[in-house]
Amino acid sequence: MTDRDDFAAAKQRGAAYPAPDAYEDIEMPRNTGIGFVLCVLSGIWMFALIWWIWWLAILMTVLMILALIAWSFDTSTEIIIPAEEVRKDHEAWLDLVRTTVAVDRDHEAAPNNQGLAHPDMEAAT
Amino acid sequence: MRRAPSHSYPGLNLGEDHASADKFSEVVTFGFWVFLMSDLVYFGLMFAIYITMIDAQAGGPGPHELFDLRSIFAQTLILLTSSLTVGLAMLALKYNLPRARIVLLFGVTLALGLSFLVLEIRDFMAIVDKGGIPQRSGFLSAFYGLVPLHGLHVAAGCLWLIVLGIQLRVMGLTDLLMSRVVRLALFWHFLDLIWIGIITIVYFGGLTYG
């Protein structure tokens, strides 16, 4: 850390996106629908509680508990992204960074802005 | 030379014999401790409300009319014994005893937990019979806010015992399931701890100061 806004300064030096020395496997949580299921069930559950629809509230309570139990039987919840794939994706991205034209603040609404910032440190201070 | 036993988290650790499961348990058990402690804050709040409400009986029935210490004694014995059986299940897991032993101890714990719930519900029904309903007084509102909350936790623990017992039979002792046994044991001991608070503060405290 050498500057007040180190990342912006690194971008100006052209050193903001270094390639790592080595790549490792990344452990990621697998996609699951349980969050959405609980969201919908608890939404109906709260509606039932507010309007005193007790049979619906009881039904939703049971369904939420059953959904959790069913979900707990799914034990394959993680996925490993192999180091080779991480390296390929990251290097493709670094290539993209290298070939993209950086755009400064004055031209950020221009059509050729591809998302790479060209920091204007003089103007910032 | 034998290395010092690992203590990745508070409580009975699985130990180095279960290298990968022990490592896996470290993170999830920490998360579970965070949950338990937030639950403890909730219980602490309900205890504080109860303590301030002991005198707020509004001319309704108080601790002396409502509480049946004989039943409380039986519930305490049952719950403490169930904590022992969960502890034995943890030891069976740690020392690689057959899986059937763990499932059997879970069954005994479940039976004890359910007996506790039956006695507690009978207590509540007797209290209601004597006019002790939640809306009668601040004291009774606080009582029903706290004691059935613990009962609800025990019921959830019983459901957890059933589900985990089935999973142990179906899937065997995987790392994930071993860590779930660790967490269930923590949860069950935590419920016992809360019950100790309930007998001392709700029942003895209520009878002394109410």
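Residues numbered from 1 in each chain as written. Chains lettered and ligands numbered in written order. Predicted model: local features only at pLDDT ≥ 70, side-chain atom pairs only at ≥ 80, totals over all residues.

J.: With reference to specific residues and values, describe the overall build of chain A.
T.: The helix and strand tally for chain A stands at five helices and two strands. For chain A, the sequential pattern of α-helices and β-strands runs α-β-α-α-β-α-α. C-alpha extents for chain A along the principal axes are approximately 65 × 35 × 30 Å. Across the 125 residues that make up chain A, the buried fraction comes to 2%. A fraction of 52% describes how many contacts in chain A between residues 6 or more apart in sequence connect residues 24 or more apart. (Helix = DSSP H or I, 4+ residues; strand = E, 2+ residues; numbered from the N terminus. Buried ≥ 20, exposed ≤ 12 C-beta atoms within 10 Å, placed from the backbone. Contact = placed C-beta atoms within 7 Å.)

J.: Can you tell me about the overall build of chain B, naming the residues and giving the values?
T.: Looking only at helices and strands, chain B features six helices and zero strands. Along its sequence from the N terminus, chain B presents helices and strands in the succession α-α-α-α-α-α. Projected onto the principal axes, the alpha-carbon positions of chain B cover approximately 65 × 30 × 25 Å. Within the span of chain B, comprising 210 residues, buried residues form 32% of the whole. At a minimum sequence separation of 6, the contacts of chain B that also span at least 24 residues come to 78%.

J.: A description of the interface of chain B and chain A should follow, citing residues and the corresponding values.
T.: With five residues of chain B at the interface, the matching set in chain A holds four residues. For the side of chain B that touches chain A, a count of residues per class yields three nonpolar, two polar and no charged. (Nonpolar A, V, L, I, M, F, W, Y, C, P; charged D, E, K, R; others polar.)

J.: Can you tell me about unusual backbone geometry, naming the residues and giving the values?
T.: The backbone of A:W52 shows a phi angle near 55 degrees, a positive value even though the residue is not glycine. Tracing the backbone through its elements, the reader meets A:W52 in the loop between α2 (34-50) and α3 (54-72). With a phi angle near 55 degrees, B:N96 is a residue other than glycine that sits in the positive phi range. Structurally, the position occupied by B:N96 is in the loop between α3 (69-94) and α4 (99-129).

J.: Give a detailed account of the packing of α2(A) against α3(A), specifying residues and quantitative values.
T.: Residues and elements named next belong to chain A. For the pair α2 and α3, the least separation of the axes is 8 Å and the interaxial angle reads 165 degrees. As summarised for this structure, α2 and α3 are arranged roughly antiparallel, according to the angle between their axes. Every pair of crossing elements has a handedness; the one defined by α2 and α3 is left-handed. Every residue of α3 that contacts α2 at I34, V37, L38, L41, S42, I44, W45, A48 and L49 is listed here: L56, A57, M60, T61, L63, M64, A67 and W71. A breakdown of the residues in the contact of α2 with α3 according to their chemical character gives 15 nonpolar, two polar and no charged. (Axes fitted to C-alpha atoms, helices over the stretch in contact; angles between N-to-C directions. Parallel < 35°, antiparallel > 145°, perpendicular 65-115°, else oblique. Left-handed = near helix turned anticlockwise from the far one by under 90°.)

J.: Requested: an account of the packing of α4(B) against helix α5 (residues 138-171) of chain B, with residues and values cited.
T.: Residues and elements named next belong to chain B. Packing of α4 against α5 brings their axes to within 9 Å, and their N-to-C directions diverge by 155 degrees. Taken together, the axis directions place α4 and α5 in an arrangement best described as roughly antiparallel. You can see that α4 and α5 cross each other, and the crossing is left-handed. Seen from α4, the contacting residues are R99, I102, V103, F106, G107, T109, L110, G113, L114, F116, L117 and E120; seen from α5, they are G151, V154, A155, G157, C158, L161, I162, G165, L168 and R169. The residue makeup of the contact of α4 with α5, split by class, is 13 nonpolar, six polar and three charged.

J.: Could you give an account of the confidence of the model for chain B, with specific residues and numbers?
T.: All names here are of chain B. In this model, chain B carries an average pLDDT of 91, and 97% of its residues clear a pLDDT of 70 or more. When pLDDT is averaged over each element of chain B, α4 comes out on top at 96 and helix α1 (residues 19-53) at the bottom at 91. The ipTM for the predicted assembly is 0.81, set against a pTM of 0.84. (pLDDT = per-residue confidence, 0-100.)

J.: Please provide a residue-by-residue account of the environment of B:N13, values included.
T.: Residues and elements named next belong to chain B. Turning to its location among the elements, N13 is positioned in the segment before α1. Residue classification places N13 among the partly exposed positions, given that 19 C-beta atoms sit within 10 Å. Taking C-alpha positions, N13 is 7.7 Å from K94, a pair spaced 81 residues apart along the chain.

J.: Got a sec to walk through α3(B)? Specific residues and values, please.
T.: All names here are of chain B. Given a rise of 1.5 Å per residue, 26 residues ought to cover 38 Å, and the 37 Å separating the end C-alpha atoms of α3 matches this to within 8%. Tucked into the core, α3 has its buried residues touching α4 and α6 (175-209). Of the residues trailing α3, N96 is marked for its positive phi of about 55 degrees. (Expected span 1.5 Å × (residues − 1).)

J.: Could you give an account of the nonpolar core, with specific residues and numbers?
T.: Residue and element names in this part refer to chain B. Y50, A89, F143, L146, V181 and A185 are the most contacted members of the largest nonpolar core, which totals 47 residues. Counting only elements with at least two residues in this core, the list comes to α1, α3, α4, α5 and α6. Among the elements that line this core, the one with the most residues is α6, at 15 residues. Beyond its immediate chain neighbours, meaning those up to four positions away, A185 contacts L12, V86, A89 and M90. (Core = buried A, V, L, I, M, F, W, Y, C linked by C-beta atoms within 7 Å.)

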